[in-house]
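Results of the structural survey
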Amino acid sequence: QPSSEAAEFGSRVHDILERCAAAKVPPSDETKEGQVASYLWKAFSEYLPEWYNASPTIEDAWKSATAYDLPARGRSDLVFADRSMVVDWKTTSNLRYALTPEDAASDPQVLMYIRAYVESENISLPATFVHVYATTRTKTPRTRVVETKVDEAVLQKGEVFLHRTI
């Protein structure tokens, strides 16, 4: 459940993107949420133009997976199994909060998600985790696409990191 007004806004943006991705139609920008969703959609479409013709899994929720021998649950916005790619839409007040590829390669969420997908044999390595960011507090949303390549070496570093912090 969203815990703040910003989280609720982000959830509404995600809902719009989920519906539009399923129907393969761009979001309408008639509301602030729709405007942010439109900018996310456009940024990802410029990053991967052919995605529109692909058949990604949309809003893939998984509850009974394991990652690093730990129970894992989560929800991925788009999964392209044929490309070993996981996409996560992100809303943020400022792009300074966007992860860099280097930060994402040691981010627990990225590591857990990729490991869970690899262990469930839905994707293979090397994999790509893509964060698509859009700002929410600017008149015109600003966007950034951050691509992180994940291979076995990255996942092994993640295993050491995660087991140290648990």
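Let me begin by describing the structure that accompanies this report. Remember, it's a predicted structure, so these values are computed and weren't measured experimentally.

Time to look at the packing of aromatic side chains. In this structure the tally under the stated criterion is six aromatic pairs. On the numbers, 6.2 Å between centres and 35° between planes, the contact of Phe44 with Phe80 is tilted. A residue pair is termed long-range when its members are at least 10 positions apart, and Phe44 in helix H2 (residues 32–47) and Phe80 in strand E2 (residues 70–80) qualify at 36 residues. The burial state of Phe44 is the same as that of Phe80; both residues are buried. Three or more aromatic residues link up through ring pairs in this structure, and these residues are Trp41, Phe44, Tyr47, Trp51, Phe80 and Trp89.

Among the nonpolar cores identified, the biggest contains 23 residues, and Leu40, Phe44, Trp51, Leu78, Phe80, Val87 and Val132 are the most heavily contacted of them. When contributions to this core are tallied by element, the ones reaching two or more residues are helix H1 (5–23), H2, E2, strand E3 (85–92) and strand E4 (127–135). In contact with Val132, other than residues within four places in its own chain, are Leu40, Ala43, Phe44, Val87, Asp88, Trp89, Lys90, Arg144 and Val145.

Right, let's talk about the side chain of Gln35 for a bit. Secondary-structure assignment places Gln35 in helix H2. For Gln35, a relative accessible area of 19% gives the class buried. In contact with Gln35, not counting residues within four places along its chain, are Ser28, Asp29, Lys139, Thr140 and Pro141.

Let's shift gears to the environment of Ser124. Following the sequence through the fold, Ser124 ends up in the loop between helix H4 (108–119) and E4. Of the residues examined, Ser124 reaches a relative accessible area of 44% and is grouped as partly exposed. Along the primary structure Ser124 and Thr91 are separated by 33 residues, whereas in three dimensions their C-alpha atoms are 28 Å apart.

What counts as what
- Residues numbered from 1 in each chain as written.
- Predicted model: local features only at pLDDT ≥ 70, side-chain atom pairs only at ≥ 80, totals over all residues.
- Heavy atoms only, no water.
- Phe/Tyr/Trp six-rings, centres within 6.5 Å; stacked < 30°, edge-to-face > 60°.
- Helix = DSSP H or I, 4+ residues; strand = E, 2+ residues; numbered from the N terminus.
- Buried < 20%, exposed > 50% of the residue type's maximum accessible area, 1.4 Å probe, protein only.
- Core = buried A, V, L, I, M, F, W, Y, C linked by side-chain atoms within 4.5 Å.
- Contact = heavy atoms within 4.5 Å.

Remember that the coordinates give geometry; whether it matters functionally is a separate question.
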